[in-house]
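Now for the letters of each chain:
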Amino acid sequence: MPAPHLAVEDLFAPPTRVRAEISPDGTTIAYLAPWRDRLNVWLVDVDGATEPRCVTADDNRSVLTYHWSDDPRWLLYEQDRDGDELWHLYRVDLECPEAPAVDLTPFPGATVVGFETTPARPGKGVLHSNHRDPLEFDLYELDIATGELTILAQNPGPVGGWLSAPGGELYAQTWSPTGDMELSQWDPRQGQLRLISTFDGADYPTAINPFRLTPDGTGLWLGSNRGRDHTRLVRLDLATGEESEVDSHPTLDLDERSSVFPTIPSPLIQDRRTGELLGVRYLGEWQVIHAVDPDFAEVLEQLEKLSDGDVSVLTGDRGGQRWVVSFNHDRDPAVTYFYDHSTGESRFLFRAYPDRDPAILSPVRPVTITARDGLALPSLLTLPLDTEPTGLPLVLLVHGGPWHRDSWGFDPSAQLLANRGYAVLQVNFRGSTGLGKAHLKAGIGELAGKMHDDLIDGVDWAVEQGYADRDRVAIFGASYGGYAALVGASFTPDVFAAAIDVCGPSNLVTYLRTVPEFARAHLHNNWYLYAGNPEVPEQEAELLARSPLGRVDAVRTPLLVAQGANDIRVIKAESDQIVEALRARGVDVEYMVKENEGHGFLNPENNIDLYHAVERFLARHLGAS
């Protein structure tokens with residue numbers, strides 16, 4: 001009996017409820033749920049004595065990130081406008097539900113990053129803002145109740161990020177011209193930086209994660225792979241610069257994905273009241289959590305009994321007794337529970353998609369593929385249900401970044417494609433993060449080279465295993481994955497019968513020259529190190545040689561391109577120029593532009609439009625068995 005047909009609308013509609021967190025006092029649960037077809041923040045009493053109430057009111061764009069304050073009166077959330085990534089921080093007064101949200105950072109053209117609260121400063125928060133100078137982020141302390149912003153450090157020019165210790169000491173992250181990351185103490189009176197430690201930037205192409213002050217302010221917890229392949233948790237002494245191990249796993253890296261996606265939990269689990277370390281997350285085929293606090297070890301043992309998924313969002317009250325936990329799962333995402341450690345009782349709260357039977361979705365299976373030079377490529381394979389997995393059309397789904405990784409869990413793109421009869425392969429090509437330093441650095445200089453060979457080796461593996469029909473293979477990705485799709489169509493057109501590019505760079509030189517100016521300092525340790533600097537003539541030539549736009553004459557693969565008009569990372573011109581060049585040659589190109597989107601699509605109606613187009617496009621050029 002064939003698997004039930006999954007509607008695009010069901011897979012890409014907003015979840016019913018998701019991302020629940022318990023309040024610090026343990027009385028209230030916040031979560032995201034639809035209001036006017038956009039995710040907003042809702043509250044409900046822990047005991048369910050009152051009806052849930054919506055406390056934010058954004059009908060333009062979903063709220064994805066919110067913050068409890070230590071005062072139960074205030075809740076904060078972050079929002080941009082139509083994907084422009086100019087983030088503002090808003091405050092909601094939970095005692096006056098009729099009052100509109102207050103924009104605490106009402107600075108036109110500026111953005112806020114890195115907002116956080118600490119137990120040492122009740123009622124306060126710190127944030128970075130570039131409203132004084134668009135190219136420089138200053139550090140501010142926010143009084144949450146009054147909205148007053150006090151500047152703690154004005155950027156002298158080279159600082160990429162700040163840390164503020166409980167005693168008032170300030171620490172700065174800077175980047176050297178060679179791409180190394182430097183940590184220094186800032187002396188505001190002298191206007192000078194005192195170097196504490198230097199880190200090889202090529203080891204950290206996105207960010208060092210975690211990179212967090214210890215509660216006493218004398219040390220820094222950070223993910224370090226100094227002298228070893230895998231990233232462990234160390235404490236860096238801010239007086240001496242010496243590192244000492246806090247925790248490690250013999251074969252896995254710390255789970256660093258939150259450095260790319262802030263909605264993914266940090267690798268550190270900390271006490272809500274004191275900030276002390278409770279647990280550390282590692283990621284392999286599945287997640288592993290090391291409990292470093294004996295009381296939390298007892299809590300974790302009970303929580304992990306609630307689901308066979310990975311612990312995802314996890315929050316406890318200040319007493320460490322009441323917990324809300326959601327689980328990452330390949331077929332049943334964001335199943336969420338309440339657990340009271342004082343009584344040992346647990347209670348199911350909700351599923352993200354309560355009307356969908358997980359059994360009609362396809363299991364996601366970790367597999368390892370060997371590249372042609374012997375490098376192991378951890379990958380994921382998703383196959384259609386109730387279909388003989390032989391000679392299927394294949395979709396190679398390529399992750400973005402490229403400094404990111406695909407990991408086990410729910411992926412609506414993979415589930416839709418598997419439901420339509422396609423085998424889906426996700427390859428963690430060299431240059432992907434979280435798989436060891438050697439795997440990461442094997443990607444240096446290999447865009448459109450060995451990084452792409454790894455993808456082709458994945459296709460060959462799927463064909464040799466009998467899963468895939470070599471003549472019916474598509475490549476599909478967003479951001480770097482979109483670039484990879486364009487590389488597939490232009491560098492290896494004989495391999496792919498179709499290609500789908502969502503907001504991918506088509507010319508690496510024009511892409512790097514249009515990165516927002518405030519973000520360019522961060523290019524030194526990733527794009528400039530791994531691919532090249534367009535301001536260096538010989539490297540510019542190499543970047544052009546690895547750009548799909550320069551190889552349009554080789555393209556004969558049908559192409560679907562999707563782009564957000566407000567994308568500040570990969571601007572619309574990157575898609576415009578490849579579409580125009582290919583159409584001038586008579587190549588079949590379908591082009592979708594959404595005026596109210598940025599880097600990737602967020603609004604459900606836009607994703608639904610996109611995936612209907614994907615469904616039609618692949619059926620036309622691959623067909624499903």
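First, a word on what this report is: a plain description of the structure on this page.

## As for the overall build of the protein
Inference 1: Helix and strand counts for the protein stand at eleven helices and 36 strands.
Inference 2: In terms of overall size, the protein behaves like a compact globule, its C-alpha atoms giving a radius of gyration of 24 Å where 625 residues would be expected to give roughly 25 Å.
Inference 3: Here the C-alpha coordinates of the protein stretch approximately 60 × 60 × 50 Å along the principal axes.
Inference 4: Expressed as a percentage of the 625 residues in the protein, the buried residues total 57%.
Inference 5: Within the protein, counting contacts between residues at least 6 apart in sequence, those at least 24 apart form 55% of the total.
Inference 6: Put simply, the protein shows about 24,400 Å² of open surface, and 49% of that area lies on carbon and sulfur atoms.

## Structural notes on the sheet that holds strand 3 (residues 38–45)
Inference 1: Spatially, four strands are ordered 1-2-3-4 in an open sheet, and the strand pairing comes out antiparallel. What marks the edges here is a single partner per strand, and that holds for strand 1 (18–22) and strand 4 (53–54).

## A word on the environment of Leu236
Inference 1: Examined against the element boundaries, Leu236 turns out to sit in strand 19 (residues 232–237).
Inference 2: For the pair Leu236 and Thr214, spaced 22 residues apart in sequence, the C-alpha separation works out to 9.5 Å.
Inference 3: Setting aside residues up to four positions removed in sequence, Leu236 forms contacts with Leu183, Ile196, Ser197, Phe199, Thr218, Gly219, Leu220, Leu222, Gly241, Glu242 and Glu243.

## Regarding the sheet that holds strand 13 (residues 159–164)
Inference 1: Strands sit in the order 13-14-15-16 across an open sheet of four strands; the sheet is antiparallel. A single partner strand is all that each edge strand has here, and the edge strands are strand 13 and strand 16 (192–199). For this sheet, the mean inter-axis angle between neighbouring strands, taken without regard to orientation, is 25°.
Inference 2: Taken together, the six bridges between strand 14 (residues 170–175) and strand 15 (residues 181–187) define a ladder with antiparallel strand orientation.

## Description of unusual backbone geometry
Inference 1: For the bond running from Asn209 to Pro210, omega is 0°, close enough to zero to count as cis.
Inference 2: Along the chain, the position of Pro210 falls in the loop between strand 16 and strand 17 (211–213).
Inference 3: Here the amide bond leading from Gly401 into Pro402 is cis, since omega sits at 5°, within 30 degrees of zero.
Inference 4: Examined against the element boundaries, Pro402 turns out to sit in the loop between strand 31 (392–398) and helix 3 (412–419).
Inference 5: With a phi close to 60°, Glu85 is a non-glycine residue in the positive phi region.

## Re helix 2 (residues 294–303)
Inference 1: Phe296, Val299, Leu300 and Leu303 are the residues of helix 2 that are buried. Down the axis of helix 2, the buried side of the element spans an arc of 100°, and every buried residue falls inside it.
Inference 2: Check the buried side of helix 2 and you find it contacts strand 22 (268–270), strand 23 (277–283), strand 24 (287–291), strand 25 (310–316), strand 26 (322–328) and strand 27 (335–340).
Inference 3: One side-chain oxygen at the N-terminal end of helix 2 lies 3.0 Å from the backbone nitrogen of Asp295; it belongs to Asp293.

## Brief notes about a negative patch on the surface
Inference 1: On the surface, Asp295, Glu298, Glu301 and Glu304 cluster together to form a negatively charged patch.
Inference 2: Within the secondary structure layout, Glu304 lies in the loop between helix 2 and strand 25.

## Quick word on the side chain of Thr111
Inference 1: Relative to the helices and strands, Thr111 resides in the loop between strand 8 (102–103) and strand 9 (112–116).
Inference 2: We classify Thr111 as buried; its relative accessible area is 3%.
Inference 3: For Thr111, the side chain forms a polar contact with the main-chain oxygen of Glu85, separated by 3.1 Å.
Inference 4: A polar contact is formed between the side chain of Thr111 and the backbone nitrogen of Trp87, at a distance of 2.9 Å.
Inference 5: With near-sequence residues (within four places) excluded, Thr111 lies in contact with Glu85, Leu86, Trp87, His128, Ser129, Asn130, Phe137 and Phe518.

## A few points about the environment of Asp84
Inference 1: When you line up the elements, Asp84 lands in the loop between strand 6 (74–79) and strand 7 (88–93).
Inference 2: Separated by 481 residues in sequence, Asp84 and Ala565 place their C-alpha atoms 9.2 Å apart.
Inference 3: The residues contacting Asp84, other than those within four sequence positions of it, are Asn566 and Ile568.

## Focus: the pattern of salt bridges
Inference 1: On inspection of all chains with the given rule, the structure shows 37 salt bridges.
Inference 2: Where Arg132 meets Glu136, a salt bridge forms, and the shortest distance between an N and an O atom there is 2.7 Å.
Inference 3: In this structure, Arg372 engages Asp453 in a salt bridge whose closest nitrogen and oxygen atoms are separated by 3.8 Å. With Arg372 in the loop between strand 29 (364–370) and strand 30 (376–382) and Asp453 in helix 5 (residues 450–464), this pair connects stretches of sequence that are 81 residues apart.
Inference 4: Linked by salt bridges that have partners in common, Asp37, Arg38 and Glu605 make up one network.

## With respect to the nonpolar core
Inference 1: Core analysis: the largest hydrophobic core is formed by 59 residues, its most contacted members being Leu396, Leu425, Tyr480 and Trp527.
Inference 2: For this core, the leading source of residues is helix 6 (residues 480–491), giving seven residues.
Inference 3: For Leu425, the contacting residues outside a window of four places in its chain are Ile369, Ser379, Leu380, Leu381, Leu394, Val395, Leu396, Leu397, Gly458, Val459, Trp461 and Ala462.
Inference 4: Of all hydrophobic cores here, the second largest spans 50 residues; its members include Leu11, Ala498, Leu560 and Tyr611.

## Details of the state of the cysteines
Inference 1: This structure, assessed with the given rule, holds zero disulfides.
Inference 2: Its sulfur unpaired, Cys54 is 16 Å from the next cysteine sulfur, which belongs to Cys96.
Inference 3: Overall, the relative accessible area of 26% leaves Cys54 in the partly exposed class.
Inference 4: The partly exposed category is assigned to Cys96, whose relative accessible area is 24%.

What counts and how
The numbering scheme is per chain: residues are counted from 1 as the chain's sequence reads. Where local features are concerned, this predicted model is filtered to residues with pLDDT of at least 70; where side-chain atom pairs are given and counted, the filter is 80 or more; whole-chain, interface and lining totals use all residues. Processing note: side-chain calculations cover all non-hydrogen atoms of the structure and skip hydrogens and water entirely. Numbering of helices and strands runs from the N terminus; a helix is a DSSP stretch of H or I covering at least four residues, while a strand is a stretch of E covering at least two. Throughout, the radius of gyration refers to the C-alpha atoms, and the reference size of a globule is 2.2 Å times the residue count to the power 0.38. Think of it in three bands: with a 1.4 Å probe and only protein chains considered, a residue is buried below 20% of the maximum accessible area for its type, exposed above 50%, and partly exposed in between. Here, residues are in contact when the closest pair of their heavy atoms is within 4.5 Å. Here the accessible surface of atoms and residues is derived via Shrake-Rupley with a 1.4 Å probe, and residues count as covered only by protein chains that are part of the display. DSSP calls a pair of strands paired once it identifies at least 2 bridges connecting them. Orientation is described by axes fitted as lines to C-alpha atoms, over the contacting stretch for helices, and by angles from 0 to 180 degrees between their N-to-C directions. The arc refers to the directions leading from the helix axis to the C-beta atoms. Any N or O atom pair separated by 3.5 Å or less is treated as a polar contact, with the protein-specific requirement of one donor-capable and one acceptor-capable atom, and with residues adjacent in sequence counted only for side-chain atom pairs. Here the term patch refers to residues with relative accessible area over 30% and no salt bridge, with like charges joined within 9 Å and nonpolar side chains (Val, Leu, Ile, Met, Phe, Trp, Tyr) within 5 Å. When a carboxyl oxygen of Asp or Glu lies within 4 Å of a side-chain nitrogen of Lys or Arg, that pair is called a salt bridge. Two residue types count as positive, namely Lys and Arg, and two as negative, namely Asp and Glu; His and chain ends fall outside the count. In this description, the location of a charge corresponds to atom NZ of lysine, CZ of arginine, CG of aspartate or CD of glutamate. To define a nonpolar core, start from buried Ala, Val, Leu, Ile, Met, Phe, Trp, Tyr and Cys residues and group those joined through side-chain atoms within 4.5 Å. For this text, the term disulfide refers to a pair of cysteine sulfurs within 2.5 Å.

In short, geometric facts, not functional conclusions.
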